[in-house]
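One-letter residues, chain by chain:
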2 protein chains.
Amino acid sequence: MTDQSNDAPHKVGGASRRDFLRTAGLAAGGAALGATGARANTPDPLITEVQPYASFTGEAVDATPYGMPIHFEEHVVRRNVEWLTADPISSINFTPIHALEGTITPQGCAFERHHSGAIEMSKQEYRLMINGLVDRPLVFTFADLMRLPRESRVAFCECAANSGMEWGGAQLNGAQFTHGMIHNMEYIGVPLRVLLEEAGVQPEGKWIFVEGHDASSNGRSIPLEKAMDDCLVAFYANGEALRMEHGYPVRLIVPGWEGNMWVKWLRRIGVYDQAVEAREETSKYTDLLADGTARKWTWEMDAKSVVTSPSPQAPASHGPGPMVITGLAWSGRGKITRVDVSMDGGVNWVEARIAGDAQSMALTRFYVDHVWDGKPMLLQSRAVDETGYVQPTKDQLRAVRGLQSVYHNNGIQTWHVNENGEAENVEVS
Amino acid sequence: MTDQSNDAPHKVGGASRRDFLRTAGLAAGGAALGATGARANTPDPLITEVQPYASFTGEAVDATPYGMPIHFEEHVVRRNVEWLTADPISSINFTPIHALEGTITPQGCAFERHHSGAIEMSKQEYRLMINGLVDRPLVFTFADLMRLPRESRVAFCECAANSGMEWGGAQLNGAQFTHGMIHNMEYIGVPLRVLLEEAGVQPEGKWIFVEGHDASSNGRSIPLEKAMDDCLVAFYANGEALRMEHGYPVRLIVPGWEGNMWVKWLRRIGVYDQAVEAREETSKYTDLLADGTARKWTWEMDAKSVVTSPSPQAPASHGPGPMVITGLAWSGRGKITRVDVSMDGGVNWVEARIAGDAQSMALTRFYVDHVWDGKPMLLQSRAVDETGYVQPTKDQLRAVRGLQSVYHNNGIQTWHVNENGEAENVEVS
């Protein structure tokens, strides 16, 4: 029993949708209902297997003052790609975006990148220095920061190397690995502007250089305009303190810009008249082009999107009929204004439904309420942001950047979905 | 060194704020700076205690596929009040709102109420039945629900008994205990309307009765209009699956209405031509008045607010000078449009700063950027919502409801803050 109109997803509330449950055999119902229905003619084998009440564990929740996910969800974790780095001391792990929903990423399974492990530093030990071309060099304790005016900001943090393994072609088989160097959290902290105003930036000061307390220090230069605009010295994420691996107790938030600039365990903000040109902005985080030159200071994360389900780790095992196609879209230049989805590798597109109000420089959730005909699909999504920028194809990117750029691969992702609903990472020309 | 103008909080960006760091002695700076500053005349004892780089743990984060908060934050947990219920099987624990920030409540320390423990039920076992006055009684598996169109909703869930111990006077010494039966999460699920439309509500159907899979079943009647409006059958919260204690795998979201109606481990939705008048809406969750009658069906959570810091568990130990006064406001009738704060027990009020855009029927964060003169305060907050409703004083409430109502105590909370910054739960006339 398949729905006749396969081309367009059924919209919520449309008359045609009333059919889809019945025609699709979804929800044991109608003439087939067992149990208490008046039409209980056909015994439903599923109902007889279910106990009227689930096992009562008796476990007092009060025994878990800080809870963890139920064990049935133990597959929803950060994962790493062992061969990606030489040593776990400097490595990265990936958000299980194929299994998450909405826009908030739980801190517990949010990706992180560390260059020299994660450090343990108490709030009492913590210090933040501002020096360089300022009237008043300052050293803040954590207690000092807690007394300054706070602001709130929801923002995505994406590593510039997200999808970096895919420059040469379809490589890793899962959205977690192709696109999982990203998370989205609600941050609370003190605007960096407030701290810089307290120190008093001198007229010659045009750049800041930020460093962390970890051994790598991860120094990055940021233009003063950005520092004074929307950067946040944050010490809460998703309601609670930052996790150790996310920079406890303080990290820098640089909305829309490369994740590497969001220095963790923030130690120093130096004001200078020029960029420092440190390792992480010369040897790394520059984009090598085909002619041997490199793009530098490619701070803004370009508009990007990915279908998180169906995807290789999230097959659509239910067969033909109603299918939820969902994914994430984001842009470092502002709000996502539209997401399109294609089932045929970019030939035809339908506009997806955006959940809630798209927020600037934050993850945006999209849906297509699809009725699947059971035939193979080449599933893609394409984001458009408020500047009018349209997410390019991977080939369009390669034509401009070559294959060795490592960073800023925001090309359209394709999943081949077969008749069993299993998905695979593929490339289409 | 105290700031002269003590009455009004200093606004962010105002010229007067430039003084507050220097006059307050905040941030070792100016002439007192040690370390690398040019004015390194006075040795700063704190700086010599700090190692230039924090201890390197070497711990590979990859070893924590699902992380927990750092041990320094182990005080940020759910707590319960032992004497509150006869047995932990049916009890409640409280969100540590005094230590959280922003608007998102991490699932791990989010309050919950259980009437017969928490149950463990897998997605495979899970069933949701819709029956009663419907054309087609249905039984959904979890896999069925995953195929239906989803929506997203950020909403606060407040137990109607929140602050219930305070009807007779100031009782519990901490915002976690006086106001902690509340949390705020981003939910993803299927609109209840979609499921009811599939079943086909008959014209006689005016109410639904919802029950859970747990032994208590927690049955509640909900008018059909609300069910068809914004109720959500949810299976994601803050990006991941619901925690076991929050109703895994599925709970009902009833935006703005009593927490008890947000049935966990959702089992059945029965459509009826009248309310069932079950235990949880007659014996419990009704508000006993002074004349012996009781208010029934007091579903909407009234506008309410509380200062979370300073508060008894979050003293302002820093002395006079800059002080962040912060708290939460919410309304079951829509958006919070204003929050006022008083430092003198309700005689004078200043308007607080709301963080971000206030969302309808969701927690809203407010701030006052205060400069404290070090003198005792009677700190209060007062919420106003979009309907024009103004949060009342406790005495105003008592005059109408008496002292035995148990539920719906949304009166203004007062903290007495002494000269040491220590706060205490008090009442003012």
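Per chain, residue numbering runs from 1 following the sequence as it is written. The naming scheme follows written order: chains are lettered A onward, ligands numbered 1 onward. Two thresholds apply to this predicted model, a pLDDT of at least 70 for residue-level local features and 80 or more for giving and counting side-chain atom pairs, whereas whole-chain, interface and lining totals are computed over all residues. Hydrogen atoms and water are omitted, and side-chain values are computed over all heavy atoms in the structure.

## A few points about the overall build of chain A
Just so we agree on the cut-off: To qualify as a helix, a DSSP run of H or I must reach at least 4 residues; to qualify as a strand, a run of E must reach at least 2; elements of each kind are numbered from the N terminus. Here the term buried applies to any residue with accessible area under 20% of the maximum for its type, exposed to any over 50%, and partly exposed to those in between, with areas from a 1.4 Å probe on protein chains only. Any two residues whose heavy atoms approach within 4.5 Å are treated as being in contact. Shrake-Rupley sampling with a 1.4 Å probe provides the accessible areas, and residues are treated as covered by the protein chains on show and by no other component.
Scanning chain A for helices and strands turns up seven helices and 24 strands. A burial count over chain A gives 62% of its 429 residues as buried. Here the contacts in chain A between residues at least 6 apart in sequence split such that 71% fall between residues at least 24 apart. Looking at chain A as shown, the accessible area adds up to about 15,100 Å², and 51% of this sits on carbon and sulfur atoms.

## Points about unusual backbone geometry
Omega for the peptide link from Y248 of chain A to P249 of chain A comes to 5°, which places this bond in the cis form. Cis geometry is adopted by the peptide bond preceding P310 of chain A, which originates at S309 of chain A and carries an omega value of 0°. Note on placement: P310 of chain A falls in the loop between β16 (304-309) and β17 (321-330). Its identity as a non-glycine residue notwithstanding, W297 of chain A has a phi of 55°, on the positive side. On the secondary structure map, W297 of chain A appears in the loop between β15 (294-295) and β16. In this model, N238 of chain B sits at a positive phi of 50°, which is unusual for a non-glycine residue. Among the secondary structure elements, N238 of chain B is positioned in the loop between β10 (232-237) and β11 (240-241).

## Remarks on the sheet that holds strand β19 (residues 350-351) of chain B
All names here are of chain B. The test is simple: In this analysis, strands are considered paired if DSSP registers two or more bridges between them.
Pairing within the open sheet is antiparallel, and its five strands lie in the order β19-β18-β22-β23-β24. The open sheet has two free edges, formed respectively by β19 and β24 (423-426), since each of these has just one partner strand. Note that strand β22 (residues 377-385) and strand β23 (residues 414-417) share four bridges and pair antiparallel. Residue L379 lies in a different strand from β23, and its bridge partner there is W415.

## Observations regarding the UniProt feature "domain: Moybdenum cofactor oxidoreductase dimerisation" (unreviewed entry) in chain A
Threshold: UniProt positions are given in the numbering used here, feature names are shortened, and annotations may be inferred rather than shown by experiment.
UniProt marks residues 295-413 of chain A with the feature "domain: Moybdenum cofactor oxidoreductase dimerisation" (unreviewed entry), using the numbering shown here. Between the end C-alpha atoms of residues 295-413 of chain A there is a gap of 23 Å, over a span that is 7% helix and 39% strand.

## Here we look at the confidence of the model for chain A
Residues and elements named next belong to chain A. As a reminder of what qualifies: Scored from 0 to 100, pLDDT reflects the predictor's confidence in each residue.
Looking at chain A, pLDDT values average 88 and 85% of them are 70 or higher. Considering only residues more than four positions removed or in separate chains, one finds that residues 1-20, a stretch of pLDDT under 50, has 39 contacts. Note on residues 30-60: pLDDT under 50 across the span, and 58 contacts to partners over four residues away in sequence or across chains. As a predicted assembly, this complex carries a pTM of 0.89 together with an ipTM value of 0.89.

## Remarks on the sheet that holds strand β20 (residues 353-354) of chain B
Residue and element names in this part refer to chain B. Ordered by their spatial adjacency, four strands build an open sheet running β16-β17-β21-β20, and the pairing between neighbours is antiparallel. Of all strands in the sheet, those with a lone pairing partner are β16 (304-309) and β20, marking the two edges. Alignment of β16 against strand β17 (residues 321-330), held across five bridges, turns out to be antiparallel. Within β17, the position partnered with V306 by the bridge is L328.

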